[in-house]
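# Coordinate inspection notes
Listed here are the chains, written in short residue letters.
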Amino acid sequence: MAEALLRRPLDGATVHIPRGQVFIIPDRCKGCDFCIDFCPRDVLVESQTTNTKGYHYPVVAPGKDGECANCQFCTIICPEYAIYTEEAQDSPEANPPLAEVSQ
Amino acid sequence: MAEIAVASHPIDAVLRRDRLPHIWCPGCGIGAVMACYARAILESGIPLDKHICVSGIGCSARVPGYMNLDTYHTTHGRAIPFATGLKLVNPELQVTVFSGDGDLFAIGGNHFIHAARRNIDINVFCVNNFNYGMTGGQAGPTTPMGSFTTTTPYGNVEPPFNLAALAAACGAVFVARWTALHVRQAQEAMQRAMQKKGFAFVEIVAPCPVSFGKSNDIGEGVDEMWMYRKQCVVNDDADVTKIDVTMGKEAELVVGNFLDIERPAYMGYGKEVLGEA
Ligand SMILES: Cc1ncc(C[n+]2csc(CCOP(=O)(O)OP(=O)(O)O)c2C)c(N)n1
Ligand code: SF4
Ligand code: SF4
Ligand code: SF4
Ligand SMILES: [Mg+2]
């Protein structure tokens, strides 16, 4: 418990973790895996199904809902302009300050 | 929050959407580099109708066909003289040459060295994928020694150009090298090039898995991107003469914004010598 208290950032009560919503244009994807490999949060995996050209496009991995930090690296690394993120429109309850999370 | 399927992308604002998807192979780096250029344009503060994109011939040179600007796809090697003419006639334009290593440094090499020497106020963005991708993977002036291409089946025996050193030696006032993985840094370098008065050169090392990666035991595009992640060293202060790109399995690949100096641009000399028109 004491350790958890020490590790809490001083501004934890006011700072919100940014969260992103992932948008995909499935038919543009050519399955290069750049977005999947270089996502710092390992949010993305290949789809089970394929797009019209037969490529597995990225989808949010099972259990990774809410993990996207909206860093937008997938947006800018994708050579096909097939994925982007925007800040999630969460209610404050759905996106609580760090202090509440660590209770 | 699962993903949401949509039909368009924010970058489409500066692309010819009806031409997408583009022709580049899966895992090719050119698409990511084109997006750096597109974002640099959007962030430049310069109106879209002042941006001009000129290329020669090659896979990289297909970029103007996808940019929703005034663009020119010229003949092989001749993008720089074409761009020079545009800039001299209309100095208000923000003229960018976007092309490949073969187009700019083999058939077009002479134009590059003289435009840099004259300090023509244009930007040259070169996708260096170490070969002639479009025509089936022949060796060119940037192919590393020992590399296997369709014209070097026993390994390349010619030493390649170090493009950053070449540009600096010829007189460029801004010289940078990044990779297709360094998308934020490459975009920033492109914006700096646009702000720069004079000849600004940005090399972007990029995967061509089809014609270079696979024959050189690098693998797919994503494998070459991992190579950049592991082997790139950022050093803005590097001595440009000592940063050859070898693509060796353990070798450092030095990237950075190496040179940013002031020198009168060609149009400046024109006014001094000729006076106002
Ligand atoms: C006058 C002339 N000579 C040769 C060719 C064939 N050719 C087309 S593209 C190309 C090389 C392109 O290499 P690079 O600039 O590196 O582009 P990449 O495809 O690798 O992006 C050549 C030799 C041509 N189109 N015109
Ligand atoms: S925005 Fe960042 S964290 Fe979110 S999916 Fe893309 S790369 Fe991953
Ligand atoms: S980076 Fe783009 S093209 Fe590559 S797998 Fe991701 S969405 Fe598909
Ligand atoms: S041949 Fe090489 S450079 Fe040309 S589109 Fe394919 S991967 Fe890209
Ligand atoms: Mg090439």
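Residues numbered from 1 in each chain as written. Chains lettered and ligands numbered in written order. Predicted model: local features only at pLDDT ≥ 70, side-chain atom pairs only at ≥ 80, totals over all residues. Heavy atoms only, no water.

### A closer look at the site of ligand 1
Residue and element names in this part refer to chain B. Looking at ligand 1, there are 16 residues lining it, with Cys 59, Ser 60, Gly 102, Asp 103 and Gly 133 nearest. Ser 60 has a polar side-chain atom sitting 2.6 Å from an oxygen atom of ligand 1. The side chain of Asp 101 places a nitrogen or oxygen atom 3.2 Å from an oxygen atom of ligand 1. Alone, ligand 1 offers 600 Å² of accessible surface; in the complex the protein occludes 73% of this. By residue number, the principal contributor to the shell around ligand 1 is helix α3 (residues 101-107), which donates four residues. Here the residues of the shell around ligand 1 are counted per class, giving five nonpolar, nine polar and two charged. (Near = heavy atom within 4 Å. Polar contact = N/O pair within 3.5 Å; in protein donor to acceptor, adjacent residues only side chain to side chain. Areas by Shrake-Rupley, 256 points an atom, 1.4 Å probe, with all protein chains shown as cover. Helix = DSSP H or I, 4+ residues; strand = E, 2+ residues; numbered from the N terminus. Nonpolar A, V, L, I, M, F, W, Y, C, P; charged D, E, K, R; others polar.)

### Describing the confidence of the model for chain B
This prediction gives chain B a mean pLDDT of 96; 96% of its residues lie at or above 70. Overall fold confidence (pTM) sits at 0.93, and the ipTM for the predicted complex is 0.95. (pLDDT = per-residue confidence, 0-100.)

### Points about the coordination of the magnesium ion (ligand 5)
All names here are of chain B. Coordination of the magnesium ion (ligand 5) by the protein comes from Asp 101 (OD), Asn 129 (OD1) and Asn 131 (O), over a distance range of 2.1 to 2.4 Å. Of note, the magnesium ion (ligand 5) draws all its donor residues from one chain, in the sequence arrangement D-x27-N-x1-N. Under the relative-accessibility criterion, Asn 129 is labelled buried at 7%. Of the residues examined, Asn 131 reaches a relative accessible area of 2% and is grouped as buried. (Donors = N, O, S within 2.8 Å, 3.2 Å for Na, K, Ca; no water. Buried < 20%, exposed > 50% of the residue type's maximum accessible area, 1.4 Å probe, protein only.)

### Structural notes on the pattern of salt bridges
Residues and elements named next belong to chain B. Under the criterion given, the structure shown has 13 salt bridges over all chains. Across the salt bridge formed by Arg 177 and Glu 203, the nearest N and O atoms sit 3.1 Å from each other. Residue Arg 177 is located in strand β6 (residues 174-179), and its partner Glu 203 is located in strand β7 (residues 200-205); the two are separated by 26 residues in the primary sequence. One network of salt bridges, with partners in common, ties together Glu 188, Arg 192, Lys 196, Asp 260 and Glu 262. (Salt bridge = Lys/Arg side-chain N within 4 Å of Asp/Glu carboxyl O.)

### Comments concerning empty space enclosed by the protein
All names here are of chain A. For the structure shown, the criterion picks out six cavities of 30 Å³ or more. Of the volumes computed, that of the largest cavity is approximately 110 Å³. Surrounding the largest cavity, 15 residues form its lining, Cys 39, Cys 68, Ala 69, Cys 71 and Cys 74 being those nearest its centre. When its residues are assigned to classes, the lining of the largest cavity shows 10 nonpolar, three polar and two charged. By volume, the second largest cavity amounts to about 90 Å³. Per-element tally for the lining of the second largest cavity: the top contributor is helix α2 (residues 34-38), with three residues. Its residues placed into classes, the lining of the second largest cavity shows nine nonpolar, two polar and three charged. (1 Å grid on protein atoms, 1.4 Å probe; cavity = no way out; pocket = protein on both sides within 12 Å on 5 of 7 lines; lining within 4 Å. Points joined across faces, edges and corners; volume = space filled by probe spheres on them.)

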